[in-house]
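Commentary on secondary and tertiary structure
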Amino acid sequence: MRVTTIAPPEASELARAVGVVRADGLRYAYRNGVPVLHDLDLEISVGDIVALVGPNGAGKSTLLRILAGELVPAAGELELPAGRSAAGRVMLGYAPEEGAHFESLSGLENALFFARAAGLRRAEARASVVEHMDALGLTDDAARPVADYSFGARRKLLLVEALAHRPALTLLDEPFVGLDQASRVALIRLLRLQSAKRGTVVVASHDLALLPELVDRIVFIHEGRVAASGRVAELLASMGRTTRFEVDLERRPEGLVGRLRPGITVVSEGDPLVLEAGRGQGALAEVCGSLVAAGAVIRSIAVRDNDLAEAFRRATGVELEP
Amino acid sequence: MTALVWGLEWRIALARRRLFVLNTVVPLLLVVPVATGAAPAVHAAAIYAVLFVIFSTFGSAIPLVRDAENGMTARMLLGGVSPSGYLLQRAAAGAALDGLQLIPALVVAGFGAGASPRALLVTFGALLGTAWVGNLIGPLVAVTTRSLAEAALFTAVCTLLLLHMSGVFRTPAPSSYGALVEAASPFRALHEALLGMGSAGPVGGGGALAAWAVLLAAGTAVFAGPVTRALRRVSRG
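A brief structural summary.

Procedures and definitions
- Residues numbered from 1 in each chain as written.
- Chains lettered and ligands numbered in written order.
- Predicted model: local features only at pLDDT ≥ 70, side-chain atom pairs only at ≥ 80, totals over all residues.
- Helix = DSSP H or I, 4+ residues; strand = E, 2+ residues; numbered from the N terminus.
- Rg over C-alpha atoms; globule rule 2.2 N^0.38 Å.
- Buried ≥ 20, exposed ≤ 12 C-beta atoms within 10 Å, placed from the backbone.
- Contact = placed C-beta atoms within 7 Å.
- Pairing = 2+ DSSP bridges.
- Axes fitted to C-alpha atoms, helices over the stretch in contact; angles between N-to-C directions.
- Nonpolar A, V, L, I, M, F, W, Y, C, P; charged D, E, K, R; others polar.
- Core = buried A, V, L, I, M, F, W, Y, C linked by C-beta atoms within 7 Å.
- Parallel < 35°, antiparallel > 145°, perpendicular 65-115°, else oblique.
- Left-handed = near helix turned anticlockwise from the far one by under 90°.

1. A few points about the overall build of chain B
Scanning chain B for helices and strands turns up 11 helices and 0 strands. Traced from its N-terminal end to its C-terminal end, chain B shows the element sequence α-α-α-α-α-α-α-α-α-α-α. A compact globule built from 237 residues should have a C-alpha radius of gyration of about 18 Å, and chain B, at 18 Å, falls within 12% of that. Its C-alpha atoms put chain B at 50 × 40 × 30 Å along the principal axes. Counting only residues that meet the buried cut, chain B has 46% of its 237 residues in that class. Considering only intrachain contacts with a sequence separation of at least 6, the fraction spanning at least 24 residues in chain B is 77%.

As structure tokens, this is what we get:
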């Protein structure tokens, strides 16, 4: 494994760097030998907000932990803003899905410790921590010991600790878990601001609902490999302007497929029968009408919108759990 | 790196008031019957030495393993805390806190032995040095363990062995191999100071204690990276 320093921590130089994070052929296996990442390649540009999307166990969190320097890959090359030096760590903001805190100290004291450890002076650390706590709705809990915090408050505190020093590279594992709607919107705004200042953000998530509002690019990860990646619009466009229908048939007459109307494409003749047609409500009526006219009896029909979940399914062949 | 970890350790200790009081009161309660029970000086000194040394080594190793297990060590190091700063500042804060919490017990022990203020001050100095060494031994014990139970077991074994080598449990014959080991042992100074509290006699072992204090600190600074990496492995089983 080789780690290359490609830029010192000055933002101006970072801004000139292309591919602030580059992983090439990363491999990682658990200590029991079970592989997690298989020759994973990834490139993330300065200022991008990128989502790693995949089901549980796909390797998203492992990749984040490698990028954070917590895990060392078994093979492959990794380029980070400032390598794994102390300066590189200070430039990093990492919020794991579950993170420990100093339970007897207040949330404010916890966040101040991490902001100061990342190099902020006392006054600027306090100002930034207070600002981020306020943005995420944690102000009322700031002075209470973390031991008394709810799950949601702990999640918010992790985010404050990761963001308060305004890192060049922010890594957030399932950042929306445990957050109320207002905090989710506030987090998106904070990350957008960070991106506007050429801070790079990588989030791992299997919740697709909020990602289109937040991210510039999405990387689908499945079984430790990049299955597809691109901008949200590109991924959606790659599916074409069709809607997919999964039809469970009560009765399936002989030669059904051949009797379907033109404009309906058969994707799979198995069970369920998978068809594609144009978009909108008219397509559903068209499919149902064609099936009934051909003598089929429909038990149920599932309409697959051309959303990111469907894009993931088409890229990987598996469903993304809700 | 400023003294962030030092400050953190003090804030945590002061925030956990019940534990702070217990850490002060329990040694005191253990010392009182010995100090007021007319125990022979040699036995009293051995009991005090065991108590004070175990207090500092346990207080260092077990929180280290706990923090490694819950991922706090990894978070601090990823957050920008340097490995050497983490270990040395933690040891310094631990030693200072140990010294502070053991003052009442030491005063009672001194009162029981009829110690002069000067003898008490010398003993307190030896106690602080011993606490510093004990807190630096903690990380070495912690990296060899995989759980809190193992940490407690290994600390007890290691501490009792070092106490034995320091002549706390028996006096080695002069010029023997045991006497050489005793002269170089880190806890001899505290034991001798506790033994000499009543007689105001000379205290041996100060040089060995100072050497251990410096060498362990230097070793901790040099090997802080591997030590903290080993500590972080604790959290992954």
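2. What about the environment of R122 of chain A?
Residues and elements named next belong to chain A. The topology assignment puts R122 in helix 5 (residues 122-135). The exposure class assigned to R122 is exposed, which follows from the 11 C-beta atoms found within 10 Å. Between the C-alpha atoms of R122 and L112, which are 10 residues apart in sequence, the distance is 8.1 Å.

3. As for unusual backbone geometry
Residues and elements named next belong to chain A. Residues D271 and P272 are joined by a peptide bond in cis, for which omega reads 10°. Along the chain, P272 falls in the loop between strand 12 (265-268) and strand 13 (273-277). Not every positive phi belongs to a glycine, and D39 is a case in point at roughly 45°. In this structure, D39 sits in strand 3 (residues 35-44). What makes D39 partly exposed here is the crowd of 14 C-beta atoms within 10 Å. Although it is not a glycine, E223 sits at a positive phi angle of roughly 50°. In this structure, E223 sits in the loop between strand 9 (217-222) and strand 10 (225-231).

4. Considering helix 2 (residues 60-68) of chain A
All names here are of chain A. In terms of burial, helix 2 is a largely internal element, 9 of the 9 residues being buried. Taken together, the buried positions of helix 2 are K60, S61, T62, L63, L64, R65, I66, L67 and A68. At the exit of helix 2 stands G69, carrying a positive phi of roughly 90°.

5. Some thoughts on the sheet that holds strand 13 of chain A
All names here are of chain A. Taken in spatial order, the 4 strands make up an open sheet running 12-13-11-14, and their pairing is antiparallel. Pairing within the sheet leaves two strands with one partner each, and these edge strands are strand 12 and strand 14 (297-304). If you compare each strand with its neighbour and ignore which way they point, the axes differ by 30° on average. Bridging between strand 11 (residues 243-251) and strand 13 involves 5 bridges; their strand directions are antiparallel. Looking at strand 13, one finds that E246 is bridged to V274.

6. Some thoughts on the sheet that holds strand 6 (residues 92-95) of chain A
Hydrogen bonding along the main chain pairs the strands of a sheet, whether they run parallel or antiparallel. Residue and element names in this part refer to chain A. Strand order across the open sheet formed by 6 strands is 6-7-8-4-9-10, with mixed pairing between neighbours. Looking along the sheet, the strands with just one partner apiece sit at the ends: strand 6 and strand 10. Looking at each pair of strands side by side, their axes are set apart by 15° on average, direction ignored. Bridge count between strand 6 and strand 7 (residues 169-173): 4 bridges; the pairing is parallel. Bridging from a neighbouring strand, G93 pairs with T170 of strand 7. On top of the sheet, helix 7 (residues 181-196) reaches strand 4 (49-53), strand 7 and strand 8 (200-205); it is set at about 145° to strand 8, its chief contact.

7. Re the environment of E246 of chain A
All names here are of chain A. For E246, the position within the fold is in strand 11. Looking at E246, the number of C-beta atoms within 10 Å reads 16, which means it is partly exposed. When the C-alpha positions of E246 and L275 are compared, they lie 6.5 Å apart, and in sequence the two are 29 residues distant. When sequence neighbours within four positions are dropped, the list of residues in contact with E246 reads P272, V274, A302 and R304.

8. What to know about the interface of chain B and chain A
Every contact between the two is made by 18 residues of chain B and, on the other side, 20 residues of chain A. Going through the elements one at a time, helix 1 (4-15) and helix 4 (72-78) of chain B are the ones with two or more residues in the side of chain B that touches chain A. Class assignment for the residues of the side of chain B that touches chain A results in 9 nonpolar, 5 polar and 4 charged.

9. A few points about the nonpolar core
In this structure, A111 and V160 of chain A together with A49 of chain B are the most contacted members of the largest nonpolar core, which totals 140 residues. Listed in part, the 8 residues of the second largest apolar core include F245, V287, L291 and A296 of chain A.

10. Describing the pairing of strand 9 of chain A
Residues and elements named next belong to chain A. For strand 9, the tally of buried residues reaches 5 of 6 residues, placing the bulk of the element in the interior. Taken together, the 4 bridges between strand 4 and strand 9 define a ladder with parallel strand orientation. Across the sheet, residue V53 finds its bridge partner in strand 9, namely F220. Here strand 9 runs beside strand 10; their pairing, made up of 6 bridges, is antiparallel.

11. Regarding the packing of helix 4 (residues 107-117) of chain A against helix 6 (residues 151-163) of chain A
Residue and element names in this part refer to chain A. As a packed pair, helix 4 and helix 6 sit with axes 8 Å apart at the nearest point and diverge in direction by 25°. Comparing their axes, helix 6 and helix 4 come out roughly parallel. The handedness of the crossing between helix 4 and helix 6 is right-handed. Residue-level contacts link G107, N110, A111 and F114 of helix 4 to L157, V160 and E161 of helix 6. Residue composition of the contact of helix 4 with helix 6, by class: 4 nonpolar, 2 polar and 1 charged.

12. Side note on the packing of helix 4 of chain A against helix 1 of chain B
Two numbers describe how helix 4 of chain A lies on helix 1 of chain B: the axes approach to 11 Å, and their chain directions differ by 170°. Put simply, helix 4 of chain A runs roughly antiparallel to helix 1 of chain B. Contacts from E109, F113, R116 and A117 of chain A in helix 4 of chain A reach L4, L8 and R11 of chain B in helix 1 of chain B.

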